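Structural description and commentary
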Amino acid sequence: LTSMHILKIALLGFLSIHLFLNSPAMGSQESELKTVLILYSLSYAYPAVVGWDQSIRSVFMTQQDINIKVNTEHLDLSRYNDSDYIQMMVDIFRHKYLESKPDLIIAVFEPALDFVLKFKQELFPDVPIIFGGIERLSFDITDLDPNIKGVYQEGTTYARTLELALNLHPDTRHVVVIAGTGFLEQAWLRSARNMFQKHVDRLKFTYMTDLPLSEIQNNVAKLPANSVVMYLPVLEDATEKAYVAVDALSQISEASSVPIYSFYDVVVGHGTVGGYVRSFAVQGETAAELGLRILRGIPSADIRVIQNKDLGYMFDWRQLKRWSIAEDRLPPGSIIKFKELTIWDRYKGRIIVAIAMILLQA
């Protein structure tokens, strides 16, 4: 054989081996492309949305067998929920997704789920839906479509945070509950009211839920010493002015004459002592993992609606100092954030070495 023939045979052999190794029979097909549409109730500026989005994307991006494209829509329904706005959103969605329906929808918080349930048949027939961040007591979901699964928020946070506050402040006789006037705040407030009912025989409850933020500030500045505040989000006040929940909390905390407790990890550090808090980041991961099961073709009958377990005691060290709450009174396993280290904490190792050297020299 000539050298040219040998070269041709070698080249053909290489190509044959390459094609065989990359054939479907060898299981090395390209990752399947799936599209996920995330519907957020709030705009992108809210910390809770940021936590959800980062967690969902982190789960999806680490998958090797599925190539997932993520689209997001921020409905901003906490601020705009009149019929004209809703119809405009429906028209936009029809235009954007009529010919390119997603493989999965994730609806975050009650307003987004309410929207997608109302217009599912019109906009997204047969598209499976995962919901997340939903209060089981505040959102009546009965006879769910088999294609709708999701993650409920743990509801014990309200009762356990109140019990925590009563343990840390045993003289408490007055509980002030603050919440905004929007759809989302009112949905969560219904769950909180239900949990607080068992304490109405021994505590006075005042609900500041339909006031301007400035009036809330004036009121909390005058509260008697036997009071505590329970803070739910204020995204919109009675004047329909929009707020970021952590900013509203900071303003209320600066004026408050008594400690403030809350139910969400994202607000710790903005004026609340702490509480038995839920983690939106953990909820986002759980919802994304549930969505992966659907994208991989697991039958809906084998996927259950679940109750998320993302709660834990978390506190702001600066607020503990402000209200003279000793750390040894906190529940075991509590997370304390923003703690200022003492000189001993910062330089303990160096101090020990220096003392040892001095003793050796002596």
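Residues numbered from 1 in each chain as written. Predicted model: local features only at pLDDT ≥ 70, side-chain atom pairs only at ≥ 80, totals over all residues. Heavy atoms only, no water.

**Remarks on the sheet that holds strand E5 (residues 148-153)**
What counts is decided by this rule: Strands are treated as partners if at least two bridges between them are detected by DSSP. Numbered from the N terminus, helices here are DSSP runs of H or I no shorter than four residues, and strands are runs of E no shorter than two. Residue contacts are counted whenever heavy atoms from the two residues lie within 4.5 Å of one another. To get an axis, a line is fitted to the C-alpha atoms, and for a helix only the part in contact is used. The angle between two axes follows their N-to-C directions and goes from 0 to 180 degrees.
Across the sheet, which stays open at both edges, the six strands sit in the order E2-E1-E3-E4-E5-E11 with parallel pairing between neighbours. The open sheet has two free edges, formed respectively by strand E2 (66-74) and strand E11 (306-307), since each of these has just one partner strand. Bridge count for strand E3 (residues 104-108) against strand E4 (residues 129-135) is four bridges, and the pairing is parallel. Directly across from Val108, in E4, lies its bridge partner Gly132. In the packing of helix H2 (residues 47-61) onto the sheet, contacts are made with strand E1 (32-40), E2, E3 and E4, and the angle to E1 comes to roughly 170°. Sitting on the sheet, helix H4 (residues 110-123) touches E1, E3, E4 and E5, and the angle it makes with E4 is about 140°.

**What to know about the side chain of Glu73**
Our working definition: Under this definition, polar contacts are N or O atom pairs within 3.5 Å; protein pairs additionally need one hydrogen-donor-capable and one acceptor-capable atom, and for neighbouring residues in sequence, both atoms have to be side-chain atoms.
Relative to the elements of secondary structure, Glu73 occurs in strand E2. Side-chain polar atoms of Glu73 contact the side chain of Lys96, separated by 2.5 Å. Leaving out residues up to four positions away in the same chain, Glu73 has contacts with Leu37, Ile38, Leu39, Tyr40, Phe93, Lys96 and Tyr97.

**Points about the confidence of the model for the protein**
Counted only if it meets this: Confidence of the predictor in every single residue is expressed as pLDDT, which spans 0 to 100.
In the predicted model, the protein carries a mean pLDDT of 86, and the fraction of residues at 70 or more is 85%. Long-range and interchain partners of residues 17-29, a stretch whose pLDDT sits below 50, account for six contacts in this model, where long-range means more than four residues apart.

**Considerations on the packing of aromatic side chains**
To keep it simple, the criterion reads: The aromatic pairing rule takes the rings of Phe, Tyr and Trp, using the six-membered ring of Trp, and pairs them if the centres are within 6.5 Å, calling planes under 30 degrees apart stacked, those over 60 edge-to-face and the rest tilted. Burial here depends on accessible area, computed with a 1.4 Å probe over protein chains only, as a share of the maximum for the residue type. Under 20% is buried, over 50% is exposed, and the range in between is partly exposed. For a ring to carry a charge above it, either NZ of a lysine or CZ of an arginine must fall within 6 Å of the ring centroid while also lying within 35 degrees of the normal to the ring plane.
This structure, assessed with the given rule, holds 18 aromatic pairs. Summarising the aromatic geometry, the rings of Phe205 and Tyr207 are spaced 6.4 Å apart at their centres and angled 20° between planes, so their arrangement reads as stacked. In this structure Phe205 comes out as buried when scored by relative accessible area, which is 16%. Members of the aromatic cluster, each reached through a chain of ring pairs, are Trp52, Phe109, Tyr158, Trp188, Phe263, Tyr264 and Phe280. Sitting over the face of the ring of Phe338, Arg318 holds its NZ or CZ atom 4.3 Å from the ring centroid.

**A closer look at the nonpolar core**
For clarity, the threshold we go by: What we call a nonpolar core is a set of buried Ala, Val, Leu, Ile, Met, Phe, Trp, Tyr and Cys residues that are connected through their side-chain atoms within 4.5 Å.
Of all hydrophobic cores here, the largest spans 82 residues; its most connected members are Phe60, Ile178, Met230 and Leu232. Leave out the neighbours within four places in its chain, and Phe60 touches Val36, Ile68, Val70, Ile106, Ala288 and Leu292. Membership of the second largest hydrophobic core comes to 25 residues, among which are Tyr97, Ala107, Ala112 and Phe131.

**Describing unusual backbone geometry**
With a phi angle near 55°, Asp76 is a residue other than glycine that sits in the positive phi range. A positive phi angle, close to 70°, is found at Glu240, a residue other than glycine.

**What to know about helix H6 (residues 183-196)**
Filter applied, for reference: Expected span of a helix, by definition, is 1.5 Å for each gap between consecutive residues, and there is one gap fewer than residues.
The first and last C-alpha atoms of H6 sit 20 Å apart over 14 residues, in line with the 20 Å expected at 1.5 Å per residue. Within H6, the full set of buried residues consists of Leu184, Glu185, Ala187, Trp188, Leu189, Ser191, Ala192, Met195 and Phe196.

**Section: the side chain of Asp265**
Let me state the cut-off plainly: When charges are tallied, Lys and Arg are placed among the positive residues and Asp and Glu among the negative ones, while His and the ends of the chain are skipped. Within this document, salt bridges are pairs made up of a side-chain nitrogen of Lys or Arg and a carboxyl oxygen of Asp or Glu, the two lying within 4 Å of each other.
Tracing the backbone through its elements, the reader meets Asp265 in the loop between strand E9 (260-262) and strand E10 (274-277). For the buried Asp265, no salt bridge exists, and the shortest N-O distance to an oppositely charged side chain is 6.9 Å, to Lys337. Contact partners of Asp265, with chain neighbours within four places excluded, come to Val277, Arg278, Ser279, Phe280 and Met314.

**Regarding the pattern of salt bridges**
Inspection of every chain in the model, using the stated rule, returns nine salt bridges. Between Arg57 and Asp53 there is a salt bridge; the shortest N-O distance is 2.7 Å. Pair noted here: Arg57 and Asp53 are both in helix H2, with a separation of four residues, about one helical turn. Taking relative accessible area as the criterion, Asp53 reaches 17% and is therefore assigned buried. Residue Lys96 is joined to Glu73 by a salt bridge in which the shortest nitrogen-to-oxygen separation is 2.5 Å. Residue Lys96 is located in helix H3 (residues 83-97), and its partner Glu73 is located in strand E2; the two are separated by 23 residues in the primary sequence. The class for Glu73 is buried, based on a relative accessible area of 11%. Via salt bridges that share partners, Asp91, Arg94 and Glu122 belong to a single interconnected network.

**A closer look at the pairing of E3**
Burial of E3 is extensive: five of the five residues sit out of reach of the surface. Looking at chain direction, E1 and E3 are connected through five bridges and run parallel. What sits directly across from Ile38, in E3, is Ile106.

**Quick word on helix H5 (residues 157-168)**
Given a rise of 1.5 Å per residue, twelve residues ought to cover 16 Å, and the 16 Å separating the end C-alpha atoms of H5 matches this to within 8%. With respect to burial, H5 is a largely interior element, nine of its twelve residues being buried.

**What about the packing of H5 against H6?**
How we decide: Roughly parallel here means an angle under 35 degrees, roughly antiparallel means over 145, roughly perpendicular means 65 to 115, and every remaining angle is called oblique. We call a crossing left-handed when the near helix sits turned anticlockwise from the far one by less than a right angle, and right-handed when that turn is clockwise. Each residue gets one label: Ala, Val, Leu, Ile, Met, Phe, Trp, Tyr, Cys and Pro are nonpolar, Asp, Glu, Lys and Arg are charged, and the others, such as Gly, are polar.
The geometry of H5 relative to H6 is characterised by a closest axis approach of 8 Å and an angle of 55° between their N-to-C directions. Judged by the angle between their axes, H5 and H6 are oblique. Here the hand of the crossing between H5 and H6 comes out right-handed. Across from Tyr158, Ala159 and Leu162 in H5, the residues of H6 making contact are Trp188, Ser191, Ala192, Met195 and Phe196. Its residues assigned to classes, the contact of H5 with H6 shows seven nonpolar, one polar and no charged.

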